[in-house]
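Given next are the chains, with one letter for each unit.
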Amino acid sequence: LVHYACELKFGRDGWDIPPALALDVDMGVGKTQVAIEETANFINGPEWDKVKGSHVDYAVPTHVLAEEIKLRFAGVGINDVEIWRGRDQPDPDNPGEAMCLNPKAVDFAVKHGLKVYETCCKRGKDECIFFKMCAHVAQREMEPKVWIVTHEMLFTGEKTFEGGKFLIIDEDCSQKGLRGIENAQSFVVPLTELTKKSNPDIDSIERDTYRDLLAQA
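Every chain is numbered independently, its residues counted from 1 as its sequence is written. Reporting of local features is limited, given that this is a predicted model, to residues whose pLDDT is at least 70; pairs of side-chain atoms are given and counted only at 80 or more, and all residues count toward the totals for whole chains, interfaces and linings. Note that water and hydrogens are dropped before the side-chain values are worked out from all heavy atoms of the structure.

**Q** Account for the side chain of Thr39, with residues named and values stated.
**A** If you trace the backbone, Thr39 turns up in helix H2 (residues 31–44). Throughout this description, a polar contact denotes any pair of N or O atoms lying within 3.5 Å of each other; where both atoms belong to protein, one of them has to be capable of donating a hydrogen while the other can accept it, and for residues adjacent in sequence the pair is counted only when both atoms sit in side chains. Within the local environment of Thr39, its side chain forms a polar contact with the backbone oxygen of Ala35, the two atoms lying 2.7 Å apart. Between two residues, a contact is recorded if the distance between any of their heavy atoms is within 4.5 Å. Not counting the four nearest positions on each side in its chain, Thr39 is found in contact with Val56, Phe73, Phe166 and Ile168. For the purposes of this entry, the term helix denotes a DSSP run of H or I that reaches at least four residues, the term strand denotes a run of E that reaches at least two, and both are numbered from the N terminus.

Here is the structure:
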């Protein structure tokens with residue numbers, strides 16, 4: 001995609017790719033289609049065999065747009081595509097049911113800044129009574145060539161997306177990584193947290209907790 005963009009901007013091949021490249025591109029010129037076609041070319045090319053078991057992640061603002069992107073991938077011959085659906089999203093295989101069947105427990109964990117999977121789904125031998133029938137958990141076993149996710153997932157640290165070959169972000173995702181106090185939202189902050197000094201070297205557990213809070217923005 002960068003090669004293509006450089007060719008459009010500078011009119012020649014072989015231009016060295018810099019560490020970062022900003023392109024001022026208007027709306028409606030086909031950026032999304034180029035990204036999809038170039039991803040398809042990569043998946044169908046010789047380099048894909050070298051990354052067997054990997055995947056491409058494509059982030060979009062909404063699940064509605066995710067469905068559209070999935071159809072557009074099918075239009076260029078890439079059908080091994082899955083949409084990651086949040087716990088509160090409808091289960092496409094079970095009409096009338098959500099992906100998560102225990103939303104109250106999840107809401108409690110999120111409000112108190114706890115790790116949702118370990119708190120509500122499975123920790124050691126303990127697991128949710130709906131664990132084996134949970135559509136949200138079942139997603140973790142999928143291995144598509146392309147995962148389509150919403151912007152919120154970029155801030156959760158979800159392990160399913162580790163090892164992705166590359167990430168395409170469609171539209172601005174920055175606001176999804178911020179949380180305010182608008183719309184009467186609230187979350188619990190332990191008093192002990194207010195007395196702690198800022199520590200840039202927080203451990204992974206604390207980092208993941210903050211990511212979970214950011215994901216609720």
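**Q** Can you break down the pattern of salt bridges residue by residue, with the values?
**A** Note on definitions: salt bridges are taken to be side-chain nitrogens of Lys or Arg within 4 Å of carboxyl oxygens of Asp or Glu. Counted under the stated rule, the structure contains 4 salt bridges. Glu67 is the salt-bridge partner of Arg85, the closest N and O atoms lying 3.1 Å from each other. Linking Arg85 in the loop between strand S2 (81–83) and helix H4 (103–111) with Glu67 in helix H3 (residues 63–75), this pair joins segments that are 18 residues apart in sequence. Buried, partly exposed and exposed residues are distinguished by accessible area as a fraction of the type maximum, computed with a 1.4 Å probe on protein chains only: under 20%, between the cut-offs, and over 50%, respectively. Using a relative accessible area of 34% as the deciding quantity, one classes Glu67 as partly exposed. The residue Glu127 makes a salt bridge to Lys132 at a minimum N-O spacing of 2.6 Å. Among the residues examined, Glu127 registers a relative accessible area of 29% and is labelled partly exposed. Taking relative accessible area as the criterion, Lys132 reaches 75% and is therefore assigned exposed.

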